[in-house]
Amino acid sequence: MKILKVAVLALAAFSAVAVSANDANACGMSVRLDPTPQKPTPVQEIAKAEKSLENGNNLAAAQAVLSSFPRIRNAQAGANPLETRALRVFALAVVRSDGQVNEKKAGVFSNAEWTTNANLEWAAQAMREIDAKRPNDPTVQADLGEALSKLPANKAEAMTLLSKLAEKDLMGSPHAYAALAKMKGEKGDTAGALAAIKKCEEMSKNSTICRTPAKA
Amino acid sequence: MRSTHKRGPILPGFALFLFVILFSLGCPPKPSPAKDDAGPSAVGDAAVVNTPVATAGDAARGKELVATFQCNRCHDGTGHEAAPQNKHCVHCHKDIMEDRFKAPAASITRWKPRVKEYADAPSLEAMKMRFNRTWVEAYLQKPFDVRPNLHQYMPSLPIEPQQAKDIAAYLVPDDHGSGAPDLAKPDLGKGRQVLETKGCGACHSMTGVAAIPASNPPSMDPREFDRAHKLAPDLRYTRDRLRYVQTVKAFLRDPKAVKPDSPMPKIALTDEEITNVVGYIVSVELSDLPPPKKAERLPVLERKVTFKEVDEKVFHRTCWHCHSEPDYAIGDGGPGNSGGLGFKPRGLNLSDYNGIAAGYLDDKGERAGVFAKDKDGTPRLVRAMMARHEEVNAPNGNGYGEVRGMPLGYDPLPLEEIQLVETWIAQGRPR
């Protein structure tokens, strides 16, 4: 019965991806390609993973990544653009699930046992590596700040990073604002926390992420 | 890639100089007849349209700069190999139009109407024989619309004055001689008649005189006519752009003998007709261009504007083609992100919400927000979009300001779209 369920899920996922649009390059610029009824490519899988992550479906995002990159944890940031995107999605899925999402939860065989803390530390390190390859990119910095904010030992660094971005109005991630709000609240900066929550709510499709705990 | 008020969609392809130009000749030594009273005139003695002014420039350096500014992404005849197919705006668009581009059929069908108008750009071939170097130098720094039927414009590139001199020296290396004197005396009235009856008005306009009626052009292949129509310059500027009379006359007699890739058709004209029509074009009195129209921003909307709406109508429709995410575009985020066309990498990614919020790299290499307000409270993004209106509305390239207008080389965005962006920003940039 379980196998049947997985098969049905896989079929549904395949159908959804097979008709999804994807981005590509033409004339030296970006263009949007129309849907083509064919087996989803890794590009489509990662686009789907990004969409799942954006919609708060962290486990689905991780599953989509693992379907194309089962050994994503071994990926080198910056070596391959698509793999780097996949690495970012997987790391953020881990962060936003508070370390709950891992290969086993995603239904993929793995010998490794990931504690939530080890999982979060891995995700923060992955974001650091992406940041090193994409220096001075506030999008990556916001993701890194969000990841670091989950680790007690790195909260000060996260606070500095996210505060600077917020001060310059360079942060587009509601999750990063939510992390900043939480840290400010923990420090007793209620006004700062409320300001960050307000920004988070303005930016978020689902404003519950601005005040409620993460979920898988 | 979009339809706008005057010309419809525009792609980043541009129109460095011009190609067809017609006729030219004789500097008018005295005031010419009024435009609608074009009788015989004494103009035509001079051998050049414009007295060339020698400007210092290093042609070898100019050739390098033509490569640096990637003129070969749009123009043929640069003296460099054409840009690779995946970087060549015009060739790429042609491939799409002629079903050579590898993409899903649905995408090709959707793209075709958008790129149809962007599959041509003037070639730079034979410029050295026809152009006025001083004009080229000025145009490189402040380009303006000399081809009213071509949708794209020559973009304003970050070309320094000395660089413009060098490029002009490369493109027009010999700007000193004036050729043998041309003693023919044009009859401007008859010259006007030639313009009206020989099919010139089917492609060319000439602002500053009464509109040229569209008479029948010579029989042409429809595709060749379409190309000729798009690339036909406004004859108002001929007197400034061109120089040798003999070359221009030779061009009129047989365009392809002077410029082999010219779509200008060969028109049966007598020598007298050529003298008269060229005389008219270069010496008839022109009325002043209208003063620039002031484009006023529309007030922010009362209704809610989401990122989805702004993204669909503006960012992903127009901006994204040049400001994309490198990881999504084979490592090249376009000239507005990864650099190109002489622009240094600005890191501006307008392809998604986070990227837009992440801003751009300023001249010091520091990140700056596109929503940062200037002294009158206008967000930078809105300022750039409005600047494009000012650039296009002011005649002869006199509308350039501190902020480069966007979209580069395109028609300005309709004011309603800028209003949408400004409203979205004012509302806190909601998703």
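Residues numbered from 1 in each chain as written. Chains lettered and ligands numbered in written order. Predicted model: local features only at pLDDT ≥ 70, side-chain atom pairs only at ≥ 80, totals over all residues.

1. Regarding the overall build of chain B
Within chain B, the regular secondary structure consists of 16 helices and two strands. Out of the 431 residues belonging to chain B, those deemed buried represent 50%. Taking contacts inside chain B between residues at least 6 apart in sequence as the whole, the part at least 24 apart equals 72%. (Helix = DSSP H or I, 4+ residues; strand = E, 2+ residues; numbered from the N terminus. Buried ≥ 20, exposed ≤ 12 C-beta atoms within 10 Å, placed from the backbone. Contact = placed C-beta atoms within 7 Å.)

2. Structural notes on the domain arrangement of chain A
All names here are of chain A. One can read the domain layout of chain A as domain 1 (32–116) and domain 2 (136–216). Each of domain 1 and domain 2 has a C-alpha centre, and the two are 22 Å apart. Counting residues at the interface gives 13 residues for domain 1, matched by 10 residues for domain 2. Within the residue set of the side of domain 1 that touches domain 2, elements represented by two or more residues are α3 (58–68) and α4 (81–96). No other element matches the five residues that α4 contributes to the side of domain 1 that touches domain 2. Per-class residue counts for the side of domain 1 that touches domain 2 are five nonpolar, four polar and four charged. (Domains from an automatic or database assignment. Nonpolar A, V, L, I, M, F, W, Y, C, P; charged D, E, K, R; others polar.)

3. Some remarks on the interface of chain B and chain A
Each partner contributes residues to the interface: chain B has 39 residues there, and chain A has 27 residues. At the level of elements, α2 (89–97), α3 (105–115) and α14 (353–357) of chain B are the ones that each hand at least two residues to the side of chain B that touches chain A. It is α14 of chain B that contributes the most residues to the side of chain B that touches chain A, five residues altogether. For the side of chain B that touches chain A, the residue count by class is 18 nonpolar, 14 polar and seven charged.

4. Thoughts on the nonpolar core
Looking at soluble globular proteins, one finds that nonpolar side chains tend to be buried together. By size, the foremost hydrophobic cluster in this structure holds 84 residues, and its most contacted members are V65, V89, A91 and L162 of chain A together with V421 of chain B. A per-element tally of this core places α4 of chain A first, with nine residues. Residues contacting V65 of chain A, with those up to four places away along its chain left out, are I46, A49, I72, A86, V89 and F90 of chain A. V31 of chain A together with A121, V209 and Y280 of chain B belong to the second-largest nonpolar core, a separate cluster that totals 56 residues. (Core = buried A, V, L, I, M, F, W, Y, C linked by C-beta atoms within 7 Å.)

5. Comments concerning helix α15 (residues 380–393) of chain B
All names here are of chain B. In this model, α15 (14 residues) spans 20 Å end to end at C-alpha, consistent with the 20 Å of a helix rising 1.5 Å per residue. A large share of α15 lies buried, amounting to 10 of its 14 residues. Along α15, the positions that sit buried rather than exposed are L381, V382, R383, M385, M386, A387, R388, H389, E391 and V392. Tucked inside the fold, the buried residues of α15 contact α16 (415–426). (Expected span 1.5 Å × (residues − 1).)

6. Focus on the environment of D311 of chain B
In this structure, D311 of chain B sits in helix α13 (residues 307–315). In the structure, D311 of chain B is positioned 106 residues away from E417 of chain B in sequence and 11 Å away in space, judged by C-alpha atoms.

7. Concerning the environment of R380 of chain B
Residue and element names in this part refer to chain B. Here R380 is to be found in helix α15. On a C-alpha basis, the gap between R380 and L286 in space is 38 Å, while along the polypeptide they are 94 residues apart. With residues up to four places along the chain from it excluded, the contact list for R380 reads V370, F371, A372 and D374.

8. Considering the packing of helix α6 (residues 138–148) of chain A against helix α8 (residues 174–186) of chain A
Residues and elements named next belong to chain A. In contact at an axis separation of 9 Å, α6 and α8 are set at 40° when each is read in the N-to-C sense. As the angle between them shows, α6 and α8 are arranged oblique. Along this stretch, α6 crosses α8, giving a crossing that reads as left-handed. For the pair α6 and α8, contact is made by A142, G145 and E146 and by H175, A176 and A179, respectively. (Axes fitted to C-alpha atoms, helices over the stretch in contact; angles between N-to-C directions. Parallel < 35°, antiparallel > 145°, perpendicular 65-115°, else oblique. Left-handed = near helix turned anticlockwise from the far one by under 90°.)

9. Overview of α8 of chain A
Residue and element names in this part refer to chain A. In this model α8 runs 18 Å from its N-terminal to its C-terminal C-alpha over 13 residues, within 8% of the 18 Å that 1.5 Å per residue would give. Where burial is concerned, most of α8 is hidden: 10 out of the 13 residues are buried. All of the buried residues in α8 are P174, H175, A176, Y177, A178, A179, L180, A181, M183 and K184. Each element contacted by the buried residues of α8 is listed here: α4, α6, α7 (155–167) and α9 (190–203).

10. So, the packing of α13 of chain B against α16 of chain B
All names here are of chain B. Where α13 meets α16, the axes come as close as 10 Å, and the angle between the chain directions of the two elements is 150°. Judged on the interaxial angle alone, α16 and α13 are roughly antiparallel. Crossing angle aside, the handedness with which α13 passes α16 is left-handed. In this structure, α13 uses F307, E309, V310, K313 and V314 to contact α16, whose residues at the interface are E417, L420, V421 and W424. A breakdown of the residues in the contact of α13 with α16 according to their chemical character gives six nonpolar, no polar and three charged.

11. Structural notes on the confidence of the model for chain B
For chain B, per-residue confidence averages 84 on the pLDDT scale, and 84% of positions sit at 70 or higher. Ignoring residues within four places in sequence, the model shows residues 1–47 of chain B, a span with pLDDT below 50, making 193 contacts including any to other chains. (pLDDT = per-residue confidence, 0-100.)

12. Notes on unusual backbone geometry
Following M406 of chain B, the chain continues into P407 of chain B via a peptide bond in cis, with omega recorded as 5°. Looking at the secondary structure, you find P407 of chain B in the loop between α15 and α16. Phi at D98 of chain A is positive, roughly 55°, even though this residue is not glycine. Secondary-structure assignment places D98 of chain A in the loop between α4 and α5 (116–133). When the 16 C-beta atoms within 10 Å are taken as the criterion, D98 of chain A is described as partly exposed. Positive phi outside glycine occurs at D99 of chain B, with the angle close to 60°. Structurally, D99 of chain B is set in the loop between α2 and α3.

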